[in-house]
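For reference, the chains in residue letters:
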Amino acid sequence: MELMSLGAFALAVAITFFGGFVKGVVGFALPLIMISGLSTFLDPQLALAGIVLPIVAANVTQTLRAGVGPAVAAARQFWRYLIVVCVMILLAAQLVTSLSPQVFSLVLGIPVVVLSVIQLAGVSFHIAQRHRWWTEWIAGLISGTMGGLTGNWGSTTVLYLLATDVPRAQQGVVQGVIYGLGSFMLLVAHLKSGILNLDTAPFSAALLIPSMLGMWVGFAVQDRLPAVAFRRAILIVLLVAGANLIRKGLV
(Lines give C-alpha, C1' and ligand atoms only; values in the text may rest on other atoms or scores of the structure.)
Protein backbone atom coordinates (compact mmCIF):
# COMPACT_ATOMS: atom_id res chain seq x y z
CA MET A 1 0.00 0.00 0.00
CA GLU A 2 3.02 2.26 0.26
CA LEU A 3 3.23 2.12 -3.55
CA MET A 4 -0.20 3.69 -4.14
CA SER A 5 -3.15 5.41 -2.53
CA LEU A 6 -6.15 3.53 -1.13
CA GLY A 7 -8.27 4.84 -4.01
CA ALA A 8 -5.78 3.57 -6.59
CA PHE A 9 -5.71 0.16 -4.91
CA ALA A 10 -9.52 -0.02 -4.89
CA LEU A 11 -9.56 0.81 -8.61
CA ALA A 12 -6.93 -1.89 -9.23
CA VAL A 13 -9.13 -4.42 -7.41
CA ALA A 14 -12.16 -3.42 -9.50
CA ILE A 15 -10.24 -3.72 -12.78
CA THR A 16 -8.86 -7.11 -11.75
CA PHE A 17 -12.33 -8.40 -10.83
CA PHE A 18 -13.63 -7.28 -14.22
CA GLY A 19 -10.69 -8.93 -15.99
CA GLY A 20 -11.33 -12.18 -14.11
CA PHE A 21 -15.00 -12.00 -15.01
CA VAL A 22 -14.21 -11.57 -18.71
CA LYS A 23 -11.76 -14.50 -18.61
CA GLY A 24 -14.41 -16.66 -16.98
CA VAL A 25 -16.86 -15.81 -19.76
CA VAL A 26 -14.67 -15.87 -22.89
CA GLY A 27 -11.54 -17.75 -21.72
CA PHE A 28 -8.92 -15.03 -22.18
CA ALA A 29 -8.21 -11.26 -21.87
CA LEU A 30 -7.40 -11.11 -18.13
CA PRO A 31 -3.81 -9.85 -18.64
CA LEU A 32 -4.90 -7.58 -21.50
CA ILE A 33 -7.57 -5.91 -19.37
CA MET A 34 -5.37 -5.70 -16.28
CA ILE A 35 -2.28 -4.28 -17.96
CA SER A 36 -4.33 -1.82 -20.03
CA GLY A 37 -6.34 -0.65 -17.04
CA LEU A 38 -3.65 -0.58 -14.36
CA SER A 39 -1.12 1.19 -16.59
CA THR A 40 -3.44 4.16 -17.00
CA PHE A 41 -2.88 5.24 -13.39
CA LEU A 42 0.06 3.19 -12.07
CA ASP A 43 3.70 2.98 -13.05
CA PRO A 44 3.78 0.48 -15.95
CA GLN A 45 6.33 -1.76 -14.25
CA LEU A 46 4.21 -1.91 -11.09
CA ALA A 47 1.18 -2.72 -13.25
CA LEU A 48 3.14 -5.53 -14.91
CA ALA A 49 4.18 -6.90 -11.52
CA GLY A 50 0.58 -6.79 -10.35
CA ILE A 51 -0.73 -9.05 -13.10
CA VAL A 52 1.79 -11.89 -12.65
CA LEU A 53 0.27 -13.92 -9.79
CA PRO A 54 -3.37 -13.47 -10.90
CA ILE A 55 -2.39 -14.69 -14.37
CA VAL A 56 -0.72 -17.80 -12.95
CA ALA A 57 -3.72 -18.66 -10.73
CA ALA A 58 -6.31 -17.99 -13.44
CA ASN A 59 -4.51 -20.00 -16.10
CA VAL A 60 -3.87 -22.97 -13.80
CA THR A 61 -7.59 -22.94 -12.95
CA GLN A 62 -8.53 -22.83 -16.63
CA THR A 63 -6.15 -25.69 -17.46
CA LEU A 64 -7.29 -27.98 -14.62
CA ARG A 65 -10.95 -27.26 -15.35
CA ALA A 66 -10.51 -28.95 -18.73
CA GLY A 67 -8.88 -32.03 -17.19
CA VAL A 68 -5.33 -33.42 -17.21
CA GLY A 69 -5.79 -35.81 -20.15
CA PRO A 70 -6.98 -33.21 -22.68
CA ALA A 71 -4.30 -30.79 -21.44
CA VAL A 72 -1.52 -33.32 -22.09
CA ALA A 73 -2.91 -34.04 -25.55
CA ALA A 74 -3.03 -30.32 -26.35
CA ALA A 75 0.58 -29.87 -25.19
CA ARG A 76 1.72 -32.66 -27.50
CA GLN A 77 -0.17 -31.19 -30.44
CA PHE A 78 1.20 -27.65 -30.01
CA TRP A 79 4.65 -28.44 -28.61
CA ARG A 80 6.49 -26.15 -31.06
CA TYR A 81 4.31 -23.18 -30.20
CA LEU A 82 4.65 -23.86 -26.46
CA ILE A 83 8.45 -24.11 -26.57
CA VAL A 84 8.93 -20.85 -28.48
CA VAL A 85 6.38 -18.95 -26.38
CA CYS A 86 8.00 -20.02 -23.10
CA VAL A 87 11.55 -19.26 -24.26
CA MET A 88 10.64 -15.85 -25.67
CA ILE A 89 8.67 -14.88 -22.55
CA LEU A 90 11.77 -15.59 -20.47
CA LEU A 91 14.07 -13.63 -22.81
CA ALA A 92 11.83 -10.66 -23.63
CA ALA A 93 10.91 -10.09 -19.99
CA GLN A 94 14.51 -9.20 -19.22
CA LEU A 95 14.22 -6.14 -21.48
CA VAL A 96 11.35 -4.55 -19.56
CA THR A 97 13.47 -2.75 -16.97
CA SER A 98 15.52 -1.05 -19.70
CA LEU A 99 12.47 0.60 -21.31
CA SER A 100 11.47 4.17 -20.44
CA PRO A 101 7.89 4.71 -19.18
CA GLN A 102 6.99 6.38 -22.49
CA VAL A 103 8.34 3.53 -24.61
CA PHE A 104 6.72 0.99 -22.29
CA SER A 105 3.34 2.68 -22.71
CA LEU A 106 3.72 2.42 -26.50
CA VAL A 107 4.79 -1.23 -26.24
CA LEU A 108 1.65 -1.90 -24.21
CA GLY A 109 -0.75 0.25 -26.21
CA ILE A 110 0.10 -0.48 -29.84
CA PRO A 111 -0.48 -4.27 -29.73
CA VAL A 112 -3.74 -3.77 -27.81
CA VAL A 113 -5.07 -1.37 -30.45
CA VAL A 114 -3.88 -3.45 -33.42
CA LEU A 115 -5.27 -6.73 -32.08
CA SER A 116 -8.56 -5.14 -31.03
CA VAL A 117 -9.04 -3.56 -34.47
CA ILE A 118 -8.25 -6.86 -36.21
CA GLN A 119 -10.85 -8.73 -34.17
CA LEU A 120 -13.47 -5.96 -34.33
CA ALA A 121 -13.07 -5.77 -38.11
CA GLY A 122 -13.61 -9.51 -38.36
CA VAL A 123 -10.38 -10.02 -40.27
CA SER A 124 -9.72 -13.72 -40.61
CA PHE A 125 -6.57 -15.61 -41.48
CA HIS A 126 -6.20 -19.16 -42.69
CA ILE A 127 -3.11 -21.32 -42.38
CA ALA A 128 -3.15 -24.55 -44.32
CA GLN A 129 -2.25 -27.75 -42.51
CA ARG A 130 0.94 -28.19 -44.56
CA HIS A 131 2.25 -24.81 -43.37
CA ARG A 132 1.43 -25.26 -39.69
CA TRP A 133 4.79 -26.72 -38.68
CA TRP A 134 6.73 -23.55 -39.54
CA THR A 135 4.02 -20.98 -38.77
CA GLU A 136 3.92 -22.29 -35.19
CA TRP A 137 7.52 -21.13 -34.73
CA ILE A 138 6.77 -17.63 -36.07
CA ALA A 139 3.47 -17.24 -34.20
CA GLY A 140 5.14 -18.48 -31.01
CA LEU A 141 7.97 -15.99 -31.48
CA ILE A 142 5.51 -13.08 -31.77
CA SER A 143 3.30 -14.25 -28.91
CA GLY A 144 6.20 -14.99 -26.58
CA THR A 145 7.85 -11.63 -27.22
CA MET A 146 4.60 -9.82 -26.48
CA GLY A 147 4.09 -11.99 -23.43
CA GLY A 148 7.50 -11.18 -22.00
CA LEU A 149 7.15 -7.44 -22.59
CA THR A 150 3.48 -6.92 -21.74
CA GLY A 151 2.24 -10.05 -19.98
CA ASN A 152 -0.25 -10.69 -22.79
CA TRP A 153 0.15 -13.49 -25.30
CA GLY A 154 -3.51 -14.49 -25.30
CA SER A 155 -4.82 -12.36 -28.16
CA THR A 156 -2.22 -13.55 -30.67
CA THR A 157 -2.77 -17.13 -29.49
CA VAL A 158 -6.51 -16.86 -30.14
CA LEU A 159 -5.87 -15.44 -33.62
CA TYR A 160 -3.45 -18.29 -34.39
CA LEU A 161 -5.88 -20.99 -33.20
CA LEU A 162 -8.63 -19.49 -35.33
CA ALA A 163 -6.31 -19.34 -38.35
CA THR A 164 -5.41 -23.02 -38.00
CA ASP A 165 -9.08 -24.07 -37.69
CA VAL A 166 -8.76 -25.59 -34.23
CA PRO A 167 -12.28 -26.81 -33.32
CA ARG A 168 -14.15 -24.44 -30.99
CA ALA A 169 -14.63 -27.17 -28.38
CA GLN A 170 -10.86 -27.78 -28.27
CA GLN A 171 -9.78 -24.14 -28.20
CA GLY A 172 -10.45 -23.69 -24.48
CA VAL A 173 -8.21 -26.65 -23.60
CA VAL A 174 -5.39 -25.51 -25.89
CA GLN A 175 -5.60 -21.95 -24.60
CA GLY A 176 -5.49 -23.19 -21.02
CA VAL A 177 -2.29 -25.17 -21.63
CA ILE A 178 -0.54 -22.36 -23.52
CA TYR A 179 -1.58 -19.74 -20.97
CA GLY A 180 -0.80 -22.01 -18.02
CA LEU A 181 2.76 -22.93 -19.02
CA GLY A 182 3.42 -19.41 -20.28
CA SER A 183 2.28 -17.85 -17.01
CA PHE A 184 4.71 -19.98 -15.00
CA MET A 185 7.47 -18.85 -17.33
CA LEU A 186 6.34 -15.23 -16.84
CA LEU A 187 6.57 -15.70 -13.07
CA VAL A 188 10.12 -17.06 -13.34
CA ALA A 189 11.08 -14.37 -15.84
CA HIS A 190 9.98 -11.47 -13.66
CA LEU A 191 11.50 -12.92 -10.53
CA LYS A 192 14.71 -12.84 -12.53
CA SER A 193 14.13 -9.39 -14.06
CA GLY A 194 13.32 -7.88 -10.66
CA ILE A 195 9.84 -6.68 -11.69
CA LEU A 196 8.32 -9.05 -9.13
CA ASN A 197 10.15 -8.46 -5.85
CA LEU A 198 9.55 -8.07 -2.13
CA ASP A 199 7.97 -4.65 -2.68
CA THR A 200 5.66 -5.53 -5.58
CA ALA A 201 4.78 -9.18 -4.82
CA PRO A 202 2.28 -8.28 -2.02
CA PHE A 203 0.35 -6.10 -4.50
CA SER A 204 0.21 -8.95 -7.00
CA ALA A 205 -0.84 -11.40 -4.26
CA ALA A 206 -3.61 -9.05 -3.10
CA LEU A 207 -5.06 -9.06 -6.63
CA LEU A 208 -5.41 -12.86 -6.55
CA ILE A 209 -8.70 -12.63 -4.64
CA PRO A 210 -10.60 -10.30 -7.01
CA SER A 211 -9.24 -12.10 -10.09
CA MET A 212 -10.44 -15.51 -8.89
CA LEU A 213 -13.79 -14.17 -7.65
CA GLY A 214 -14.35 -12.48 -11.00
CA MET A 215 -13.40 -15.63 -12.87
CA TRP A 216 -15.82 -17.83 -10.94
CA VAL A 217 -18.65 -15.32 -11.47
CA GLY A 218 -17.78 -15.41 -15.18
CA PHE A 219 -17.94 -19.23 -15.18
CA ALA A 220 -21.38 -19.05 -13.56
CA VAL A 221 -22.91 -16.71 -16.14
CA GLN A 222 -20.98 -17.56 -19.33
CA ASP A 223 -23.90 -19.50 -20.84
CA ARG A 224 -26.37 -16.68 -20.12
CA LEU A 225 -24.55 -13.89 -21.93
CA PRO A 226 -24.61 -13.23 -25.69
CA ALA A 227 -20.97 -14.19 -26.29
CA VAL A 228 -20.49 -12.30 -29.57
CA ALA A 229 -21.94 -9.01 -28.33
CA PHE A 230 -20.12 -9.28 -25.00
CA ARG A 231 -16.78 -9.95 -26.68
CA ARG A 232 -17.28 -7.03 -29.06
CA ALA A 233 -18.00 -4.69 -26.15
CA ILE A 234 -14.83 -5.84 -24.39
CA LEU A 235 -12.77 -5.22 -27.52
CA ILE A 236 -14.13 -1.67 -27.76
CA VAL A 237 -13.14 -1.04 -24.14
CA LEU A 238 -9.66 -2.42 -24.82
CA LEU A 239 -9.36 -0.28 -27.96
CA VAL A 240 -10.03 2.87 -25.91
CA ALA A 241 -7.60 1.78 -23.18
CA GLY A 242 -4.90 0.98 -25.73
CA ALA A 243 -5.36 4.34 -27.45
CA ASN A 244 -4.95 6.07 -24.10
CA LEU A 245 -1.68 4.19 -23.49
CA ILE A 246 -0.41 5.30 -26.90
CA ARG A 247 -1.37 8.88 -26.01
CA LYS A 248 0.65 8.59 -22.78
CA GLY A 249 3.63 7.27 -24.69
CA LEU A 250 3.56 10.08 -27.25
CA VAL A 251 2.83 13.05 -24.98
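All of these numbers come straight from a predicted model, not from anything done at the bench.

### Thoughts on the side chain of Ser183
Next, step 1: Among the secondary structure elements, Ser183 is positioned in helix α9 (residues 168-193).
Next, step 2: In this view, Ser183 contacts Ile55, Val56, Asn59 and Trp153; residues no more than four positions away in its chain are not counted.

### Comments concerning the pattern of salt bridges
Next, step 1: A full pass over the atoms with the stated rule returns one salt bridge.
Next, step 2: One salt bridge in this structure joins Arg132 and Glu136, with 3.3 Å as the shortest N-O distance. One end of the pair, Arg132, and the other, Glu136, are both in helix α7 (residues 132-150), four residues apart, so they sit about a helical turn from each other.
Next, step 3: Exposure remark for Arg132: the relative accessible area of 11% places this residue in the buried category.
Next, step 4: On the basis of relative accessibility, which here comes to 1%, the residue Glu136 falls in the buried class.

### Re the nonpolar core
Next, step 1: In this structure, Leu38, Trp153 and Phe203 are the most contacted members of the largest nonpolar core, which totals 64 residues.
Next, step 2: Sorting elements by how many residues they give to this core places helix α3 (residues 44-66) first, with nine residues.
Next, step 3: Beyond its immediate stretch of four places on either side in the chain, Phe203 contacts Met4, Phe9, Ala12, Leu42, Leu46 and Gly50.

### Things to note about the packing of helix α6 (residues 101-120) against helix α8 (residues 154-163)
Describing two packed helices takes the angle between their axes plus the distance from one axis to the other.
Next, step 1: Where α6 contacts α8, the two axes come as close as 10 Å, and the packing angle between them is 35 degrees. Crossing of α6 over α8 shows left-handed handedness. Across the interface between the two elements, Leu115, Ile118 and Gln119 of α6 pack against Ser155, Thr156 and Leu159 of α8.
Next, step 2: In terms of residue class, the contact of α6 with α8 is built from three nonpolar, three polar and no charged.

### Brief notes about the packing of aromatic side chains
Next, step 1: Scanning the model with the defined rule gives four aromatic pairs in all.
Next, step 2: Between Trp216 and Phe219, the aromatic rings sit 5.0 Å apart at their centres with planes inclined by 75 degrees, giving edge-to-face as the arrangement. Here the residue Trp216 and the residue Phe219 both occupy positions in helix α11 (residues 208-221), the gap between them amounting to three residues, near one helical turn.
Next, step 3: Owing to a relative accessible area of 47%, Trp216 belongs among the partly exposed residues under this scheme.

### Considerations on a nonpolar patch on the surface
Next, step 1: Taken together, the side chains of Trp79, Ile83, Val87, Leu91, Trp133, Trp134, Trp137, Ile138 and Ile142 define a hydrophobic patch exposed on the protein surface, amounting to about 880 Å² of accessible area.
Next, step 2: Elements with a minimum of two residues in the nonpolar patch: α5 (79-93) and α7.
Next, step 3: Looking at which element gives the most residues to the nonpolar patch, the answer is α7, with five residues.
Next, step 4: Its place among the elements puts Trp133 in helix α7.
Next, step 5: With a relative accessible area of 49%, Trp133 lands in the partly exposed category.

### Here we look at the confidence of the model for the chain
Next, step 1: Per-residue confidence for the chain gives a mean pLDDT of 87; residues scoring 70 or more make up 98%.
Next, step 2: Model confidence for the chain, summarised as mean pLDDT per element, is weakest for helix α12 (residues 227-250) at 80 and strongest for helix α10 (residues 201-206) at 95.

Cut-offs used in this document
Residues numbered from 1 in each chain as written. Predicted model: local features only at pLDDT ≥ 70, side-chain atom pairs only at ≥ 80, totals over all residues. Heavy atoms only, no water. Helix = DSSP H or I, 4+ residues; strand = E, 2+ residues; numbered from the N terminus. Contact = heavy atoms within 4.5 Å. Salt bridge = Lys/Arg side-chain N within 4 Å of Asp/Glu carboxyl O. Buried < 20%, exposed > 50% of the residue type's maximum accessible area, 1.4 Å probe, protein only. Core = buried A, V, L, I, M, F, W, Y, C linked by side-chain atoms within 4.5 Å. Axes fitted to C-alpha atoms, helices over the stretch in contact; angles between N-to-C directions. Left-handed = near helix turned anticlockwise from the far one by under 90°. Nonpolar A, V, L, I, M, F, W, Y, C, P; charged D, E, K, R; others polar. Phe/Tyr/Trp six-rings, centres within 6.5 Å; stacked < 30°, edge-to-face > 60°. Patch = residues over 30% accessible without salt bridge, like charges linked within 9 Å, V, L, I, M, F, W, Y side chains within 5 Å. Areas by Shrake-Rupley, 256 points an atom, 1.4 Å probe, with all protein chains shown as cover. pLDDT = per-residue confidence, 0-100.

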